[in-house]
Structure formats: C-alpha cells, structure tokens
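Overview (structure and organization)
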Amino acid sequence: MSTHTATAISHPNIAFIKYWGNRDNALRLPVNGSISMNLDGLFTRTTVSFQPSLPFDELIINGHEVAGKGLTRVSYILDLVREMAGIKANAEVMSENNFPAGAGIASSAAAFAALALASSQAAGLTLSEGQLSRLARRGSGSASRSIPSGFVEWNMGSGDEDCIAVSIAPPEHWALTDCVAIVSSSHKKTGSTEGHAIAGTSPLQNARVQDTARRLEICRNAILKKDFEAFANIIELDSDIMHSVMMTSNPPLMYWQSATVEIFHQVREWRAGGLPVGYTVDAGANVHVICLSEYAKEVEKRLRELPGVSNVLAAGVGGAAKLV
Ligand code: DP6
C-alpha cells in the first residue's frame, strides 16, 4: 500500500576530490568522479505530499514559499518521479535546513537527496540506493553523494544509469571533523551550475580531468588506510586545482577572499607543527578545515582567533539519507 506523503532527512557533504564540469549538463553527468563525506548534525528535512487537488507544485523552504527557478528545479525532479510512478498529482514540498543559509555549506546536495527519497516514497516507489543517487543527481550533482552513508565516491559511469554514488566506508570508519571557517563576504557568487557550464573554457580543465583518476585513488586509499598526511595533501591539491580552473575560466571565477588564503597558510603551518589538519574550499570563500576529531576543539579555537573568521561550524561524518 502506498501512502501519498513521506518525509526524509539527508546531510550535506563536503567533497575531497571535487566535481567541476559536466560531460552532459542536462543529465548532470560529470567529467570526473568525486569523493566526499557526509556532514553529521547538519541536515535538510523534506516532506513531500502528492495531492490531486493542487493546481501546481508548491515549494516551501524554511517557512517561505519559493517560486521561479527554485520551484522549476524541484518540479523537474517531481516530473521524473511522476513519470516513474505513473501518477499525475501535483505535490506540496516542505523543506527545512537546520543550518543557516550563508553558513558556507551548500544546501542543494542535502536538499535534492532528501527530495529524491521523500518524493519517490510518497509516489509509492521503492527505489534502490543507486536509483535514488541517480535521481538526486538530476537535481544537483553533489546530491548524488548525500544518498549513501559516510565516505562516498560518485562514479562517472558510462551514462545516466550507472552514474551513481556509493559508500566506500561507513561514518564510524574514521573520526574526521569538518571545521567550517566562515569568512565574512558580501560578495555575490556565481553558482555551481553556471560554473560547471564554463569549466571547459579554462585551458587547465583538461589537465585537471586527465589527472583525476590518480587523485581519486590516492584519496580513496588515504581514507581506507586512515593516512591523514596523504589525505591532507591530496585534498589541498585537489581544491587548489579546481580553483585554478575556476580562476582561469571565461569569465573568471575568483571565490577566495584574502582571509581564505590566510587560513591556507595557517593550516599548513599547523600541520607542519604536528596538528592533523588540511583544507578544502567549494564554490565560495569559506574554508573547510578537516581534522582528526580529537583535535577539533583545538582547531576550532585557533580558527576563531584568526582575523576575518566570523564563525566556525563543526561537523563529524554523517550517515545516509533516510526516511523518518
Ligand atoms: C565546488 O552539485 O552544487 O561544491 O549540479 O549544478 O547543483 P549542481 O552543482 P553542485 O556542484 C558542486 C561543486 C563543488 C564541488 C563538489 O561538491 O564536488
């Protein structure tokens, strides 16, 4: 028996080997595989309710009705679900994040992972983890990685069907903490979707993509062997390579602020001094400082003392998207 309402929770994730650029923008098939960990304690909770009486899909995020592009992107996923389930009803989608907007954490990954799970369940479908990852990917590429648990690898696949993310280790495998250093920034950013579309204009993108299998292997092995030094070196390299592509694309994307770069210098100094830390940055100015969890309090304290850091948010390794 299928119900018409379902609620799901999922975590955002931070990429260690980054997704930047698609071989198919419409299907969100990436030009390279990526690796991430889910962020525990931070989540999006989404309830989807299919109601035949609704004249159109409705989207409410953190209590506010959303129209325009946000709604179009959600309806696109609902259309895929309606097609699979053979239903026509419109849906009400209510979504809440427990982390503030502008906290330096992309909300689209958690949002589309929760939407994929809640909407498919509400439509009476029981999808496998792989099918859910694939569906979430159509809404936001990185959302494919918020479906499985813990440490996750999103495989390029050969096409739409096998372009899915899988868990490579459960959350309890390795106690890492992401201390997100929030760098004050009033800067209007270019979103990831637009960034992916121009990645190929950078003369460095081909070199980045061609070297990705090597970086993926080093990162995967470092995680599996819990080799922090190798891990820190490869995530910093990967982040720096992605930002080199961003800075050299047309138009150029410069996400870093001076405080961002200052944190890079500090993190490397701290690591040289024996503190297990490494940095990675997404499409923004905030720095994700990854450390062994036993040092998280110390790292957080040091980050808060730096000029330009307005706040620090700490998250351990999170589990899979789940129904509630
Ligand atoms: C820099 O998944 O947000 O965070 O598919 O257009 O929603 P869309 O892009 P998105 O891109 C994430 C880019 C990144 C790196 C990463 O998370 O791998």
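Quick notes on the rules
- Residues numbered from 1 in each chain as written.
- Predicted model: local features only at pLDDT ≥ 70, side-chain atom pairs only at ≥ 80, totals over all residues.
- Heavy atoms only, no water.
- Helix = DSSP H or I, 4+ residues; strand = E, 2+ residues; numbered from the N terminus.
- Rg over C-alpha atoms; globule rule 2.2 N^0.38 Å.
- Buried < 20%, exposed > 50% of the residue type's maximum accessible area, 1.4 Å probe, protein only.
- Contact = heavy atoms within 4.5 Å.
- Pairing = 2+ DSSP bridges.
- Axes fitted to C-alpha atoms, helices over the stretch in contact; angles between N-to-C directions.
- Domains from an automatic or database assignment.
- Buried area = accessible area lost by both parts, 1.4 Å probe.
- Salt bridge = Lys/Arg side-chain N within 4 Å of Asp/Glu carboxyl O.

1. Observations concerning the overall build of the protein chain
Of regular secondary structure, the protein chain possesses nine helices and 16 strands. Over its C-alpha atoms the protein chain spans a radius of gyration of 19 Å, differing by no more than 12% from the 20 Å that the globule rule assigns to 324 residues. For the protein chain, the spread of C-alpha atoms along the three principal axes comes to 60 × 40 × 40 Å. Of all 324 residues assigned to the protein chain, the portion counted as buried reaches 53%. By sequence separation, contacts in the protein chain at least 24 residues apart represent 75% of the contacts at least 6 residues apart.

2. Things to note about the sheet that holds strand β11 (residues 165–169)
Taken in spatial order, the four strands line up as β2-β5-β10-β11 in an open sheet, and their pairing is antiparallel. Each of the sheet's edge strands pairs with one partner strand only, and the pair in question is β2 (13–17) and β11. Taken pair by pair, the neighbouring strands of this sheet meet at an average axis angle of 35 degrees, ignoring direction. As judged from the four bridges shared by β2 and strand β5 (residues 34–38), these two strands associate in the antiparallel manner. Within β5, the position partnered with Ile 14 by the bridge is Met 37. This element, helix α6 (residues 212–225), spans β2, β5, β10 (151–154) and β11 of the sheet and lies at about 120 degrees to β2.

3. Comments concerning the sheet that holds strand β12 (residues 176–183)
To summarise the sheet geometry, strands pair through backbone hydrogen bonds and adopt either a parallel or an antiparallel arrangement. On the basis of which strands lie adjacent, the open sheet formed by four strands has the order β13-β14-β12-β15 and antiparallel pairing. This sheet does not close on itself; its edge strands, each paired only once, are β13 (277–280) and β15 (309–315). Recorded for the sheet is a direction-independent mean angle of 25 degrees between the axes of neighbouring strands. In this structure, β12 lies alongside strand β14 (residues 287–292), joined through six bridges in antiparallel fashion.

4. Let's talk about the domain arrangement of the protein chain
When cut into domains, the protein chain gives domain 1 (5–172) and domain 2 (175–315). Relative placement of domain 1 and domain 2: their C-alpha centres are 23 Å apart. Between domain 1 and domain 2, the contact holds 29 residues from the first and 40 residues from the second. Approximately 2,700 Å² of surface area, both sides summed, lies buried where domain 1 meets domain 2, with 69% of it carried by carbon and sulfur atoms.

5. Details of the pattern of salt bridges
Here the structure, examined in full by the defined rule, presents 16 salt bridges. Note that Asp 282 and Lys 18 form a salt bridge whose closest N and O atoms lie 2.6 Å from each other. With a gap of 264 residues between them, Asp 282 in the loop between β13 and β14 and Lys 18 in the loop between β2 and β3 (22–24) connect regions that are remote in the sequence. Since its relative accessible area comes to 26%, Asp 282 is described here as partly exposed. Close ionic contact of Arg 302 with Glu 298 constitutes a salt bridge, the shortest N to O distance being 2.7 Å. Of this pair, Arg 302 and Glu 298 both sit in helix α9 (residues 296–304), four residues apart, roughly one helical turn.

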